[in-house]
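So you can see what is in the structure, the chains are spelled out below.
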Amino acid sequence: MARKSLTITLYMSELIYDFQNKAFLTGRSRRSADMDAEAASNIQASDDDEDKNQALRSIQNAYSQLLVELSESVQTDNGTTASNELINDSTNIVISLSLPSNYPLALKDALTSSIHDYIINKALMDWFIITNPNESKTYAELSVAAIKNLHEVFNRRERPRRTDPNA
């Protein structure tokens with residue numbers, strides 16, 4: 001059966017930026033509404049080694065879970081593999097997929113965006129379990145919505161086309 005190959009690259013700098021930015025904005029918005037300045041600042045991720053290492057570990061854990069979700073299509077002979085060794089902030093995530101021949105490659109951007117959203121929401125859920133458990137529930141729900149959207153995009157197929165029998 002014919003298959004299509006698709007390689008998706010997620011840039012770690014973008015993942016870290018999105019993670020830190022969402023943690024920062026969440027902390028800033030909670031400071032004015034629900035909590036004092038010190039508690040709000042504690043949930044905001046920074047470039048400090050402790051924060052960055054936890055962010056990287058959370059991103060790596062989310063990526064590992066993503067591999068489970070996509071396991072039937074992930075090509076393990078190339079791309080990034082998940083392991084217990086902490087990834088660093090310059091390691092991009094490369095996912096090589098083997099997809100059915102009728103998968104619409106025009107959905108690559110939507111699939112990439114869905115994967116990015118899932119990893120970030122899952123990583124932030126992990127972060128907020130440590131820094132603000134009440135907030136983790138929101139990101140748990142967002143990661144469930146993101147994986148549902150990911151499966152929606154991932155399971156799309158092109159309609160068959162009739163070919164001219166005289167061609």
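Residues numbered from 1 in each chain as written. Predicted model: local features only at pLDDT ≥ 70, side-chain atom pairs only at ≥ 80, totals over all residues. Heavy atoms only, no water.

1. Topic: the packing of helix H3 (residues 49-69) against helix H4 (residues 108-131)
Inference 1: Contact geometry of H3 with H4 gives a least axis separation of 8 Å together with a crossing angle of 130°. Here H4 runs oblique to H3, going by the angle between their axes. For the pair H3 and H4, the sense of crossing is right-handed. Together, Asp51, Gln54, Ser58, Ile59, Asn61, Ala62, Tyr63, Gln65 and Leu66 of H3 and Ile115, Tyr118, Ile119, Lys122, Ala123, Asp126, Trp127 and Ile130 of H4 make up the contact between the two elements.
Inference 2: Class assignment for the residues of the contact of H3 with H4 results in 10 nonpolar, 4 polar and 3 charged. (Axes fitted to C-alpha atoms, helices over the stretch in contact; angles between N-to-C directions. Helix = DSSP H or I, 4+ residues; strand = E, 2+ residues; numbered from the N terminus. Parallel < 35°, antiparallel > 145°, perpendicular 65-115°, else oblique. Left-handed = near helix turned anticlockwise from the far one by under 90°. Contact = heavy atoms within 4.5 Å. Nonpolar A, V, L, I, M, F, W, Y, C, P; charged D, E, K, R; others polar.)

2. Points about the packing of H4 against helix H5 (residues 133-154)
Inference 1: It is the contact of H4 with H5, at a shortest axis distance of 8 Å, that shows an interaxial angle of 160°. Regarding the angle of H4 to H5, the classification is roughly antiparallel. Relative to H5, the crossing made by H4 is left-handed.
Inference 2: The residue makeup of the contact of H4 with H5, split by class, is 17 nonpolar, 6 polar and 3 charged.

3. As for the pairing of strand S2 (residues 93-100)
Inference 1: The buried fraction of S2 amounts to 7 of the 8 residues, a majority that puts the element mostly inside the structure.
Inference 2: As paired strands, strand S1 (residues 3-10) and S2 are joined by 8 bridges and run antiparallel to one another. Each bridged residue has a counterpart across the sheet, and for arginine 3 the counterpart in S2 is proline 100. (Buried < 20%, exposed > 50% of the residue type's maximum accessible area, 1.4 Å probe, protein only. Pairing = 2+ DSSP bridges.)

4. Quick look at the confidence of the model for the chain
Inference 1: For the chain, mean pLDDT is 87; residues scoring 70 or higher make up 88% of the total.
Inference 2: The secondary structure element of the chain with the lowest average pLDDT is helix H2 (residues 37-42), at 67, and the one with the highest is H4, at 95. (pLDDT = per-residue confidence, 0-100.)

5. Considerations on the nonpolar core
Inference 1: Counting residues in hydrophobic clusters, the biggest one holds 40 residues, and the most contacted among them are Leu66, Ile93, Leu97, Leu111, Ile115 and Ile119.
Inference 2: Among the secondary structure elements, those contributing two or more residues to this core are S1, helix H1 (12-33), H3, S2, H4 and H5.
Inference 3: Counting residues per element, this core draws most heavily on H4, which supplies 10 residues.
Inference 4: Setting aside residues up to four positions removed in sequence, isoleucine 115 forms contacts with Ile8, Leu10, Leu66, Leu70, Ile95 and Leu150. (Core = buried A, V, L, I, M, F, W, Y, C linked by side-chain atoms within 4.5 Å.)

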